[in-house]
Amino acid sequence: MTEEILLRQFAESVARVFVGLRKEKGYTSYESFAFDHEFPRAQYWRVETGRHNLTLRTLTKLLIIHNLTLEEFLQRVIVEAVSGGHKVPE
């Protein structure tokens, strides 16, 4: 597996997790979610589409918004990666 493929798969799984988290909060629109949480809309769109290389600062802000620990978030990403058809590297 190449670095590019692994990075793409990880970004897609992270994106799907953030879409799911937003929807769990009852938001149908990424724009209204970002606005309500004072998060730049364009940046949040890039997160949800997997087009954003998350910094630790951005990830931390989003985990606080969603009231998740890093461990809880990573567990969701792993579940999403497996259920999304991506084999988790050993």
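In the block above lies the structure referred to throughout.
Right, let's walk through the structure included here. (Residues numbered from 1 in each chain as written. Predicted model: local features only at pLDDT ≥ 70, side-chain atom pairs only at ≥ 80, totals over all residues. Heavy atoms only, no water.)

Side note on the overall build of the protein chain
For the protein chain, the count of helices and strands is five helices and zero strands. Ordering the α and β elements of the protein chain from the N terminus gives α-α-α-α-α. What you see for the protein chain is a C-alpha radius of gyration of 13 Å, in line with the 12 Å of a compact globule of 90 residues. Overall size of the protein chain, expressed as C-alpha extent along the three principal axes, is 40 × 25 × 20 Å. Residues counted as buried form 32% of the 90 residues belonging to the protein chain. The contacts of the protein chain with a sequence gap of at least 6 include a subset with a gap of at least 24, amounting to 52%. (Helix = DSSP H or I, 4+ residues; strand = E, 2+ residues; numbered from the N terminus. Rg over C-alpha atoms; globule rule 2.2 N^0.38 Å. Buried < 20%, exposed > 50% of the residue type's maximum accessible area, 1.4 Å probe, protein only. Contact = heavy atoms within 4.5 Å.)

A closer look at helix α1 (residues 3-24)
With 22 residues, α1 should reach 32 Å at 1.5 Å per residue; the first-to-last C-alpha distance of 31 Å fits that figure. Those residues of α1 not exposed but buried are Q9, A11, S13, V14, A15, V17, F18, L21 and R22. Summarising the contacts, the buried residues of α1 are in contact with α2 (30-36), α3 (41-49), α4 (56-65) and α5 (70-83). Looking at the residues trailing α1, positive phi occurs at G26, about 90°. (Expected span 1.5 Å × (residues − 1).)

Considering the packing of aromatic side chains
This model, assessed by the stated rule, comprises four aromatic pairs. Each ring, one from F33 and one from Y44, has its centre 5.0 Å from the other, and the planes form 40°; the classification is tilted. Within this pair, whereas F33 is found in helix α2, its partner Y44 is found in helix α3, the two being separated by 11 residues in sequence. Chaining the aromatic ring pairs together yields one cluster made of Y27, F33, F39 and Y44. (Phe/Tyr/Trp six-rings, centres within 6.5 Å; stacked < 30°, edge-to-face > 60°.)

Side note on the pattern of salt bridges
Pairing of side chains with opposite charge becomes possible as their charged atoms draw close. Under the counting rule described, the total for this entry stands at four salt bridges. In this structure, E12 engages R8 in a salt bridge whose closest nitrogen and oxygen atoms are separated by 3.5 Å. Highlighted residues: E12 and R8, both in helix α1, separated by four residues, approximately one helical turn. For E48, the salt bridge identified is with R22, shortest N-O distance 2.7 Å. Taken together, the residues E48 in helix α3 and R22 in helix α1 connect sequence positions 26 residues apart. (Salt bridge = Lys/Arg side-chain N within 4 Å of Asp/Glu carboxyl O.)

Here we look at unusual backbone geometry
Most peptide bonds are trans, and most residues other than glycine sit at a negative phi. Of note, the phi angle at E38 is positive, near 50°, even though the residue is not glycine. Counting through the fold element by element, E38 comes out in the loop between α2 and α3. Judged by relative accessible area, which is 78%, E38 ranks as exposed. The phi dihedral of N67 is positive, around 55°, even though this residue is not glycine.

Remember, this is a structural readout, not a statement about activity or role.
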